[in-house]
Amino acid sequence: MTTIINRVRRALAPSGTEPTRQTYARAGGRELDWFARRDRDRTLLNKYRTIYDQGGLISEAIDLYPLYMLGTGYTLRGDEEAAAQVQAVFDRIGIEDLWWHQIIDALVIGDGFVENLFGQGRAEGRLVGLAAIPAETMVVDADEHGKVVGYRQVLGQMQKEPPKLEPNQITHLRLLSTTGSAYGKSLIGRAYDEILRDTKTSESIAQAIRRHGFPKYQIAIDPDGTQNPPPTDAEVDAIEKEFEDIEAKNEFTTVGPINIRALDSGGVQHLQEYSDVTLQRLCAALGVPEELLGLRRGSTDATAVSRIEAFYKKIGTLQQRLAACYDRNVVDQITGRPGAVWIEFNDVSPTDEKLTAEMLATIMTATPMDPFAVVSRRWAQERIGVDPDEWEKEEGEK
């Protein structure tokens, strides 16, 4: 290591029923010079996974999506007997844990894959279970029109023949998608540039603190160059030893032409401003309000509420995509009756429930003689998430 003393010393020294499609699907768009193309490959997907595994703030931001999507629970609507059949399968496989991992894969890799497991014997052809698949190992086979015709799991170079699966054997979740692509879009991939900028900025700040965050002193021996003969190496070493504990000393007494000058006395300036800029851009790229990550800085309550409410709306949309994916690929295959049962996720926004309750209260109080003159009791119960059938059963038991 080069120290001040050493510098002084050196200075002193010298299929057939479907309609035929006529158009072709292809992801396009003019590529700008300042954007580098990132083709989907195993190396890139592994990098996305590593960012999630080691990302700290990034991991927390990604985890907020399944937390809010699944945290309020879900309800199976439709035929009661079929719903009980679906719920039995969901309970056996631990559906919410499976959803959590699949949502994470869909956000990190771009796609979440689950294998549909079918029964044998009397249950042949009936879906009886689900199994998660590492998303980075899956390859989607699509025809020239962009229609998925099958899936393959590619495990490595030693693999002789990748297992091929039919479309009905896979539940493929894409929360973010692009027209013309059989794959989903990775949220980490979309925020990749901001992730790199934040990482570089954070590392630069840490380096700046290490280099300039502690007091430094210049010990100048014979600053005027008038000492004759010049200090020997032994004298320089002795003086260096005297000043090794410089932070613990308050006053210095020196003999001879020795000047002590403080360096970096102001520390490192404006670090928070640099950090705030990259954090704000990173949170915006990941689509997560800063307040939900504990990063509230200078925002008003009204602004925070607006950002969080917008996030709730996004979560509601993603809940619908997850429900539609499972209604089509899982629920219908369990019941054998398409549309007999469907999934409804409970509303994540407490504001929506409050507004609904206030709306119903206003309508009912407008007709005090008959609160249900405008809306029926069953309609009101469904609006606030009360199962009318269960409520009526309890009424009859009294």
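Here 5 bridges tie strand β4 (residues 138-142) to strand β5 (residues 148-153), and the two strands are oriented antiparallel to one another. Bridge assignment links Val140 to a residue of β5, and that residue is Tyr151. Of the pairings in the sheet, the one linking β5 to strand β6 (residues 164-165) comprises 2 bridges and is antiparallel in character. Bridge pairing in β6 places Arg152 opposite Lys164.

With respect to the secondary-structure elements, Gly287 resides in the loop between α9 (271-286) and α10 (301-335). A residue is classified by how much of its surface remains accessible, and Gly287, at 18% relative accessible area, is buried. Through-space distance from the C-alpha of Gly287 to that of Phe311 is 7.5 Å; in sequence the pair is 24 residues apart. Beyond its immediate chain neighbours, meaning those up to four positions away, Gly287 contacts Tyr65, Phe311 and Lys314.

So, about the sheet that holds β4. Spatially, 3 strands are ordered β4-β5-β6 in an open sheet, and the strand pairing comes out antiparallel. Every interior strand has two partners, whereas the edge strands, β4 and β6, have only one.

Next up on the list: the confidence of the model for the protein. Residues shown with low pLDDT carry predicted positions that ought not to be read at fine detail. Of the residues in the protein, 69% reach a pLDDT of 70 or more, and the chain-wide mean stands at 79. Ranking the elements of the protein by mean pLDDT puts helix α1 (residues 4-12) last with 50 and helix α5 (residues 95-108) first with 96. Per-residue pLDDT stays below 50 along residues 11-18; that stretch engages in 3 contacts with residues further than four places along the chain or on separate chains. Confidence drops under pLDDT 50 across residues 27-32; counting only partners more than four residues distant or on other chains, this segment forms 3 contacts.

Turning to the pairing of strand β7 (residues 170-173), a few remarks are in order. Residues in a regular strand project their side chains so that they alternate between the two faces of the sheet. Where burial is concerned, the two faces of β7 agree: the one with Ile170 and His172 and the one with Thr171 and Leu173 are both buried. Alignment of strand β2 (residues 112-118) against β7, held across 4 bridges, turns out to be antiparallel. Directly across from Glu115, in β7, lies its bridge partner Ile170.

On to the pattern of salt bridges. A full pass over the atoms with the stated rule returns 9 salt bridges. Linking Asp141 and Arg152 is a salt bridge whose minimum nitrogen-to-oxygen distance equals 3.0 Å. Of this pair, Asp141 sits in strand β4 while Arg152 sits in strand β5, and the two are 11 residues apart along the sequence. For Arg152, a relative accessible area of 24% corresponds to the partly exposed category. Linking Glu194 and Arg197 is a salt bridge whose minimum nitrogen-to-oxygen distance equals 2.8 Å. One end of the pair is Glu194 and the other is Arg197, both in helix α7 (residues 192-212) and 3 residues apart, which spans about a single turn. Glu194 sits in the buried class, given a relative accessible area of 12%.

Criteria and cut-off values
Position numbers for residues start from 1 in each chain and track the written sequence from start to end. pLDDT decides what is reported in this predicted model: residues at 70 or higher carry local features, side-chain atom pairs at 80 or more are listed and counted, and totals for whole chains, interfaces and linings draw on all residues regardless. The basis for every side-chain value is the complete set of heavy atoms in the structure, and neither hydrogens nor water enter the calculation. In this description, strands pair whenever DSSP reports at least two bridges between them. Strands are runs of DSSP state E lasting at least two residues, helices are runs of H or I lasting at least four, and both sets are numbered from the N terminus onward. Each residue is placed in one exposure class: buried if its accessible area under a 1.4 Å probe, protein chains only, is under 20% of its type's maximum, exposed if it is over 50%, and partly exposed if it falls in between. Only heavy atoms matter for contacts: two residues are in contact if any of them lie within 4.5 Å across the pair. For every residue, the predictor reports its confidence as pLDDT, a number between 0 and 100. The term salt bridge refers to a side-chain nitrogen of Lys or Arg lying within 4 Å of a carboxyl oxygen of Asp or Glu.

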